[in-house]
Amino acid sequence: MITVKNLTFAYPSEPPVFEDFNLEIKKGELFGLLGPNGAGKTTLLSLITGLNTPQKGVVEVNHKSFERDRSAILKTISVVPQEYAFYDQFSAYENLKFFSRLYPHINDTERQIRNAIKLTGLENHQHRLAKHFSGGLKRRLNLAIGLLNQPELLILDEPTVGIDPQSRHFILQSIQALNKHGTTILYTSHYMEEIEHLCDTIAIMDHGKILASGNLDNLLDSKARISITTQQLLSRDRFNPALEDFIRKHKLTIDDNQLTGEIDSAQLVAALLQLLIQNEFDIEKIQYGRQTLESLFFHLTHTHLRET
Amino acid sequence: MLFTIIKKELLLVRRDIHALMVLFIMPMAFILIMSLSLQDTFQQSAADKIKIGLVFANSKEKDTPLGKSLLKLSGFQTLVYPERDVLFRRTQADNLAAAIILPEKFRASLQRSKKVAPQDRLQLYYSPTTPSHLRKLILASVIQALASYQLDKMLARMLPDPALQRQQKQKFTGGGLINQQELYGERQLQPTSVQQSVPAWLIFSIFFVVIPIATTFLTEKQHGTLQRLKTLPVPNSYFLVGKLVPYLGINLIQTALMFLVGIYLVPALGGEGLVLHSNAWLLLPMSISVSVTAISFALLVAVLVKTTEQATTIGGISNLLLAAAGGIMVPTFIMPEIMQHIARYSPMNWGLEGFLTILLRQGDLVAILPEMGKLLVLAGLLFCLAVVAYRRRLNA
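Quick word on the overall build of chain B
Helix and strand counts for chain B stand at 17 helices and four strands. Taken against the 2.2 N^0.38 rule, which gives 21 Å for 396 residues, the C-alpha radius of gyration of chain B at 29 Å runs more than 25% over that of a compact globule. Overall size of chain B, expressed as C-alpha extent along the three principal axes, is 100 × 45 × 40 Å. By residue count, 46% of the 396 residues in chain B fall in the buried class. For chain B, long-range pairs separated by at least 24 residues make up 76% of all intrachain contacts whose partners lie at least 6 apart in sequence. Between the averaged position of the 38 positive side-chain charges in chain B and that of its 22 negative side-chain charges there is a distance of 5 Å.

Given below as structure tokens:
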């Protein structure tokens, strides 16, 4: 559905956001895009929706490029921005009517408006001015506008920010329903549990690079995470060559009396424990198991705070 | 599609009470207030209302030819007081611009060939608030009255026939020598208060589209609506044209309304009504020129500023400056020469001069072309700058 190949993009007089960047999103996927602030997510979305033009490389939607088929692409995609991108002074119905009339290919706008209202549960609020809506209703209207053209690709940028749990649940259910009916969805969110709950495929990006991508289950299962706390400080001068080799081979991290890293099997965990005991370390605590998306995210992007 | 964008813009304005106040109520109020309050100041016969106090030291002098001449001081209203102290006390209350005290021996001293003694001279006092040009006018009128009296005396001595005296006097006072005419047709060139106020405040309000245009544009930008619109299959040009067309319509409605206020409402409230002559249709191209310039300026401001507060401040201040310098708030004909020169650089002044050419100078399309041309060139320049800045901002 979306093909990004060898993409290079930089804002004027700024270092490149992307250099030789690649991404593939298949038709029918519910794809989660994760990354800390400043990772390049918004820029990537602007390139996929044709708001920005890459300096090098290819961005294709449904095998069509913006250079040649801009209008055709825009008819089949829809973006639901993070902001409440509609007119506060209009009612929900007036907003939907205005946006629906900007799609030349929609013949029966009234039917499309009715569908969007039904899907987002706005039936009882359609004639109220949007400025009187709660955060949850505003999010639902924002989504409803994005559904007007029955998009093949729906891009959702943080669609559940700042709303109550009920509205969030309703929106997530609607997104799942849309995906089941064949809509490809590109979903960005800071809420890891949402991505974990919704998406089959994810990509974690930072500094304009994909750090990990693929099937979510495979990514989380591929390497289980271990954390061993010892009573003594893990001083390297107490390590015998076998322990030293093991730590180096499996890229484990030592932090005071804590040893952390990814280990594929339980046998290797047992071997590590044996080596630690041989080196006269007393084990205080062991944590081992499938990692969460959050731990994977922090592991890949590091946990320090970003200024941007 | 373009129609949908235009309709949206009109609906946004219709629901914005502040925009409606700025675009319609403010100029109507200005036209009414300024037309009514400045009515006398603008009238050429305004001098008739300027009062001059008179004291005849000898009350019998009132009935002499000199006394009568002073009582009918050309172009002024004269009030007679019994004595000097009374006059001085009443100066402020009676709003006197000047006071004349005619000493008892003044007329007698005129008969003599000797120099008139200071205490016998006519005493002319000015109020501190009387401007210098009015002082000169008062002095000239007094001199004219004295000269007329002296001339009568001379002619009476020289010519026994009263008819001949009148004939000769007419020659001396220029009656049969000077033809007074208006430069442009039969009407006076200097506008009346309503002729000045209607186009002036109309132009001012037309330029105030900067606030609703910039506000809606920035709200669209800040709310991500503009980004969302850009991801719809709509040509880019529609977004700018979609702002230009509805505001052009709004400006034309403003023009019609403000002229109707001048024609019907101002006279209904006791002011002088605005009279449109046969070339009234020229108001349309003139209004369009002003409107297109104002909208282009508004679009540029909308694209360049980052917050609605900036838009309101920059738009409001620049409008006030252009209006103050351009003869909108103070008519250019009472400005000093340097300010009149500066006024020529304000697009509001170009618009005002265009309207005044139609209203006062019976100008045709050719006559207003220079002003229209200047406005349209500026509009084109501002629109191009707005488009360039818009594209740059989108890619930033």
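Now that the structure is up, let's keep going.
Description of the overall build of chain A
Secondary structure assignment for chain A yields eleven helices and 14 strands. Over its C-alpha atoms, taken along the principal directions, chain A stretches across nearly 75 × 45 × 35 Å. Out of the 308 residues belonging to chain A, those deemed buried represent 51%. Pairs at least 24 residues apart make up 69% of the contacts formed inside chain A by residues separated by at least 6 positions. Taken as a whole, chain A presents about 14800 Å² of accessible surface, with 48% of it coming from carbon and sulfur.

What to know about the sheet that holds strand β3 (residues 30-34) of chain A
Residue and element names in this part refer to chain A. Across the sheet, six strands lie side by side as β6-β7-β8-β3-β9-β10; this open sheet has mixed pairing. Each end of this open sheet is capped by a strand with a single partner; those strands are β6 (77-80) and β10 (209-215). Neighbour-to-neighbour, the strand axes of this sheet turn through a mean angle of 15 degrees, independent of strand direction. Of the pairings in the sheet, the one linking β3 to strand β9 (residues 201-206) comprises four bridges and is parallel in character. Residue Phe31 lies in a different strand from β9, and its bridge partner there is Thr201. Here helix α6 (residues 165-180) sits on the sheet in contact with β3, β7 (153-157) and β8 (184-188), set at roughly 150 degrees to β8. Most of the contacts of helix α11 (residues 293-301) go to β9, to which it runs at about 30 degrees, and overall it touches β3, β9 and β10.

Details of the pattern of salt bridges
Residue and element names in this part refer to chain A. If you walk through the whole model with that rule in mind, you get 13 salt bridges over all chains. Measuring nitrogen to oxygen at the nearest pair gives 2.4 Å for the salt bridge that ties Arg236 to Glu244. Judged by relative accessible area, Arg236 falls into the partly exposed class, the value being 43%. Its relative accessible area of 21% is what places Glu244 among the partly exposed residues.

Examining the interface of chain A and chain B
Counting residues at the interface gives 32 residues for chain A and 24 residues for chain B. Counting the surface lost from both chain A and chain B, the interface buries some 2400 Å², and carbon and sulfur atoms represent 64% of this. Linking chain A to chain B there are one salt bridge. Close ionic contact of Glu94(A) with Arg15(B) constitutes a salt bridge, the shortest N to O distance being 2.7 Å. Secondary-structure elements contributing two or more residues to the side of chain A that touches chain B are α2 (66-76), β6, α3 (92-100) and α5 (135-147) of chain A. The element contributing the most residues to the side of chain A that touches chain B is α2(A), with four residues. Here the residues of the side of chain A that touches chain B are counted per class, giving 19 nonpolar, seven polar and six charged.

Some details on the nonpolar core
With 123 residues, the main nonpolar core has Phe99(A), Leu141(A), Tyr187(A), Ile202(A), Leu293(A) and Ile328(B) as its most contacted residues. For this core, the element with the highest residue contribution is helix α13 (residues 283-304) of chain B, accounting for twelve residues. The next biggest cluster of nonpolar side chains, apart from the first, holds 28 residues, and it includes Ala39(A), Leu45(A), Leu47(A) and Ile73(A).

What to know about the packing of aromatic side chains
The geometry of two aromatic rings is summed up by the distance between their centres and the angle between their planes. For the coordinates displayed, the defined rule picks out 15 aromatic pairs over all chains. Measuring from ring centre to ring centre gives 5.9 Å for Phe239(A) and Phe281(A), while their planes differ by 75 degrees; the resulting arrangement is edge-to-face. With Phe239(A) in the loop between β11 (224-230) and α9 (241-249) and Phe281(A) in the loop between α10 (266-278) and β14 (283-289), the pair connects residues that are 42 residues apart, well separated along the chain. Here the two residues Phe239(A) and Phe281(A) agree in accessibility, since each one is buried. Here Phe30(B) and Trp201(B) contribute two aromatic rings whose centre-to-centre distance is 4.2 Å and whose plane-to-plane angle is 10 degrees, an arrangement assigned as stacked. Of this pair, Phe30(B) sits in helix α2 (residues 17-37) while Trp201(B) sits in helix α9 (residues 193-207), and the two are 171 residues apart along the sequence. A residue is classified by how much of its surface remains accessible, and Trp201(B), at 4% relative accessible area, is buried. Put simply, the rings of Tyr87(A), Phe90(A), Phe98(A) and Phe99(A) pair up and form one aromatic cluster. In this structure, Arg140(A) packs its charged tip against the face of Phe170(A), placed 4.9 Å from the ring centre.

Observations regarding the pairing of β10(A)
All names here are of chain A. Direction of pairing for β9 relative to β10: antiparallel, over a ladder of six bridges. Paired with Met205 across the strands is Ile210, a residue of β10. Counted along the chain from β9 to the antiparallel partner β10, the turn is two residues long, and its residue His207 has a positive phi close to 50 degrees.

Quick notes on the confidence of the model for chain B
Residue and element names in this part refer to chain B. For chain B, the average pLDDT comes to 86, and 92% of its residues sit at 70 or higher. Ranking the helices and strands of chain B by mean pLDDT puts α13 first, with 94, and helix α3 (residues 39-42) last, with 68. For this predicted complex, the interface score ipTM comes out at 0.78, while the overall pTM is 0.71.

Details of the sheet that holds β11(A)
Each strand in a sheet pairs with its neighbour through backbone hydrogen bonds, running either in the same direction (parallel) or in the opposite one (antiparallel). All names here are of chain A. Taken in spatial order, the four strands line up as β12-β13-β11-β14 in an open sheet, and their pairing is antiparallel. Of all the strands in the sheet, just β12 (253-255) and β14 have a single pairing partner and so form its edges. Taking the axes of each pair of neighbouring strands and ignoring which way they run, one obtains an average angle of 15 degrees across the sheet. Pairing geometry for β12 and strand β13 (residues 258-263), over three bridges, is antiparallel. The residue of β13 that forms the bridge with Asp255 is Gln258.

Observations regarding unusual backbone geometry
Residues and elements named next belong to chain A. The backbone of His207 sits at a positive phi, close to 50 degrees, despite the residue not being glycine. For His207, the position within the fold is in the loop between β9 and β10. Positive phi outside glycine occurs at Lys251, with the angle close to 55 degrees.

Things to note about the pairing of β8(A)
For a regular strand, the rule is simple: side chains alternate between the two faces of the sheet. All names here are of chain A. β8 sits mainly inside the fold: five of its five residues count as buried. In the sheet, β3 pairs with β8 via four bridges, with the strands oriented parallel. Residue Leu30 lies in a different strand from β8, and its bridge partner there is Ile185. Pairing geometry for β7 and β8, over five bridges, is parallel. Of the residues in β8, the one forming a bridge with Leu156 is Tyr187. With respect to chirality, the unit in which β7 leads through α6 into the neighbouring parallel β8 is right-handed.

Each value, and the rule that gives it
Residues numbered from 1 in each chain as written. Chains lettered and ligands numbered in written order. Predicted model: local features only at pLDDT ≥ 70, side-chain atom pairs only at ≥ 80, totals over all residues. Heavy atoms only, no water. Helix = DSSP H or I, 4+ residues; strand = E, 2+ residues; numbered from the N terminus. Rg over C-alpha atoms; globule rule 2.2 N^0.38 Å. Buried < 20%, exposed > 50% of the residue type's maximum accessible area, 1.4 Å probe, protein only. Contact = heavy atoms within 4.5 Å. Lys, Arg positive; Asp, Glu negative; His and termini not counted. Charge placed at Lys NZ, Arg CZ, Asp CG, Glu CD. Areas by Shrake-Rupley, 256 points an atom, 1.4 Å probe, with all protein chains shown as cover. Pairing = 2+ DSSP bridges. Axes fitted to C-alpha atoms, helices over the stretch in contact; angles between N-to-C directions. Salt bridge = Lys/Arg side-chain N within 4 Å of Asp/Glu carboxyl O. Buried area = accessible area lost by both parts, 1.4 Å probe. Nonpolar A, V, L, I, M, F, W, Y, C, P; charged D, E, K, R; others polar. Core = buried A, V, L, I, M, F, W, Y, C linked by side-chain atoms within 4.5 Å. Phe/Tyr/Trp six-rings, centres within 6.5 Å; stacked < 30°, edge-to-face > 60°. Lys NZ or Arg CZ within 6 Å of the ring centre and 35° of its normal. pLDDT = per-residue confidence, 0-100. Right-handed = clockwise from strand over helix to strand, strands pointing away.

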